[in-house]
Amino acid sequence: MNKILVVEDDKRIQYSFLETLGDNFEVHFANYIKEAKEKIKNLKFDLIFIDIKLPDGNGLCLLEEIVKNEKIPVCVISGYGKAEGGAKAIKLGAVDFIEKPIRKERLKITVQSILRDIEKNSIIKRLSEEIRSKFPFIGRSNFYKEVMKNIEIFSNSNSPLLITGETGVGKDVIARYIHYVSVRKNFPFEYVNCASIPRN
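Because the structure is a prediction, the values reported are computed rather than measured.

Peer 1: Can you help me understand the packing of aromatic side chains in this one?
Peer 2: Both the distance between ring centres and the angle between the ring planes are used here to describe each pair of aromatic rings. Under the criterion given, the structure shown has one aromatic pair. A ring pair is formed by Phe 17 and Phe 49, whose centres lie 4.9 Å apart and whose planes are at 65°; its orientation type is edge-to-face. Of this pair, Phe 17 sits in helix 1 (residues 11-21) while Phe 49 is found in strand 3 (residues 47-51), placing the two residues 32 residues apart along the sequence. Assigned by exposure class, Phe 17 and Phe 49 land together as buried.

Below, the structure is given as structure tokens:
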């Protein structure tokens with residue numbers, strides 16, 4: 001079960017979180033920044049909600065610290081409105097911003113969306129690591145360096161690419177490697193064996 005930390009001293013907001021998310025998530029609360037730091041140190045959270053105005057300081061300072069030192073997505077909650085609090089929070093690294101009073105449906109959608117993105121990025125990272133382990137490139141020659149330099153150039157381009165060479169030199173491997181280090185790595189790699197297609 002995903003763990004969620006809510007750094008908020010308003011008991012009504014805490015109850016709203018518990019009522020909305022308590023059935024599907026393990027929800028923890030912290031009234032103070034100091035308390036939140038202690039819980040983050042001892043427990044592994046999947047998502048953190050932080051109020052901007054807290055009894056012992058500004059929640060945005062805690063946001064900055066978490067973004068810098070932890071790999072945990074943070075959503076900021078505040079009654080100051082998007083113009084004042086939201087824009088600054090996003091700029092500091094928050095994944096989203098929710099205004100008070102918190103609407104239950106908005107909260108549900110936000111949590112589902114953030115956790116879905118986390119899962120997707122985790123899968124993409126794992127697959128990328130698998131691909132890299134399957135297609136390791138090791139070499140020191142000038143030719144090797146030239147090939148790697150071209151891969152770096154072409155992986156950042158949206159132009160069509162033609163890879164030529166004799167049978168067995170690794171054209172398919174190069175193509176797959178370019179795909180998985182490119183901006184298109186989140187999209188499927190389609191392989192078509194042209195030799196198996198009848199002429200007519």
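Peer 1: What's the story with helix 6 (residues 142-155) in this structure? I'm lost.
Peer 2: Every α-helical turn comprises 3.6 residues, leaving residues that sit three or four positions apart pointing alike. Here helix 6 is 14 residues long and its end C-alpha atoms lie 20 Å apart, about the 20 Å a rise of 1.5 Å per residue gives. Residues of helix 6 that are buried: Tyr 144, Ile 151 and Ser 155. The buried residues of helix 6 occupy an angular sector of 20° when projected down its axis, which confines them to one face. Looking at helix 6, the residues exposed on the side facing more than 90 degrees away from the buried face are Asn 142, Phe 143 and Lys 145. Residues of helix 6 that are buried sit in contact with helix 7 (171-180).

Reading the values: rules and limits
- Residues numbered from 1 in each chain as written.
- Predicted model: local features only at pLDDT ≥ 70, side-chain atom pairs only at ≥ 80, totals over all residues.
- Heavy atoms only, no water.
- Phe/Tyr/Trp six-rings, centres within 6.5 Å; stacked < 30°, edge-to-face > 60°.
- Helix = DSSP H or I, 4+ residues; strand = E, 2+ residues; numbered from the N terminus.
- Buried < 20%, exposed > 50% of the residue type's maximum accessible area, 1.4 Å probe, protein only.
- Expected span 1.5 Å × (residues − 1).
- Arc of directions from axis to C-beta.
- Contact = heavy atoms within 4.5 Å.

Spatial relationships are all this shows, so hold off on functional conclusions.
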